[in-house]
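Notes for the structure review
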Amino acid sequence: SAAMVRELFGADATLYTIFGVPKTAPAADIKKAYWKLALRYVRCCCPSCLSDDSVGHPATISYPTSHDAQHPDKNPDPAATRHFQALSFVHSILS
């Protein structure tokens, strides 16, 4: 949500400054910037857990019951999930 984005990135942050791209950036550059940041915060980046279908929709990422044993967290920081959700929200607006 917008409130989460302001909380995590500051009230002065714009959608474009969060991704570090200019307002005139093409969609491909926005997507590249999103993936670069999202991979820092995503819990697991294996293809079976994260695909283009789930971009912008973190709630659709499903982790199998045996996931934790097979795929240790890429980023176990509890705040990582909130950052990933905020980045996905911003990406959904810009794309």
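Coordinates for the structure precede this section.
Read on for a plain summary of the structure. (Residues numbered from 1 in each chain as written. Predicted model: local features only at pLDDT ≥ 70, side-chain atom pairs only at ≥ 80, totals over all residues. Heavy atoms only, no water.)

Quick look at the overall build of the protein chain
Counted only if it meets this: By the criteria applied, helices consist of DSSP H or I runs no shorter than four residues and strands consist of E runs no shorter than two, each listed in order from the N terminus. Only protein chains enter the calculation, and the probe is 1.4 Å; a residue is then buried if its accessible area is under 20% of its type maximum, exposed if over 50%, and partly exposed in between. Contacts are residue-level and defined by heavy atoms, with any inter-residue pair within 4.5 Å sufficient. Accessible surface is estimated by sampling points in the Shrake-Rupley manner with a 1.4 Å probe; for residues, cover comes only from the protein chains shown.
Within the protein chain, the secondary structure is distributed over 5 helices and 0 strands. Overall, the protein chain shows an N-to-C arrangement of helices and strands of α-α-α-α-α. A burial count over the protein chain gives 35% of its 95 residues as buried. Contacts in the protein chain between residues far apart in sequence, at least 24 positions, make up 65% of those at least 6 positions apart. As displayed, the protein chain has an accessible area near 5,900 Å², and 56% of this comes from carbon and sulfur atoms.

Thoughts on the packing of helix H3 (residues 27–41) against helix H5 (residues 78–94)
To keep it simple, the criterion reads: Here the axes come from fitting lines to C-alpha atoms, over the contacting stretch only for helices, and the angles between their N-to-C directions go from 0 to 180 degrees. Oblique is the label for any angle not covered by the other classes, which are roughly parallel (under 35 degrees), roughly antiparallel (over 145) and roughly perpendicular (65 to 115). Each residue gets one of three labels, nonpolar for Ala, Val, Leu, Ile, Met, Phe, Trp, Tyr, Cys and Pro, charged for Asp, Glu, Lys and Arg, and polar for the others, Gly among them.
One can describe the packing of H3 onto H5 by two numbers: an axis separation of 9 Å at closest approach and a directional angle of 170°. The angle between H3 and H5 falls in the class roughly antiparallel. Taken together, the residues of H5 that come into contact with H3 (itself represented by Ile30, Lys31, Tyr34, Leu37, Ala38 and Tyr41) are Ala80, Thr81, His83, Phe84, Leu87, Ser88, His91 and Leu94. Its residues assigned to classes, the contact of H3 with H5 comprises 9 nonpolar, 4 polar and 1 charged.

What to know about the pattern of salt bridges
Two side chains that carry opposite charge are able to pair once their charged atoms sit near each other. The cut-off we apply is this: One speaks of a salt bridge when a side-chain nitrogen belonging to Lys or Arg is within 4 Å of a carboxyl oxygen belonging to Asp or Glu.
Tallied over the full model, the rule gives 1 salt bridge. Note that glutamate 7 is salt-bridged to arginine 82, the shortest N-O span being 2.8 Å. A residue pair is termed long-range when its members are at least 10 positions apart, and glutamate 7 in helix H1 (residues 2–9) and arginine 82 in helix H5 qualify at 75 residues. Judged by relative accessible area, which is 32%, arginine 82 ranks as partly exposed.

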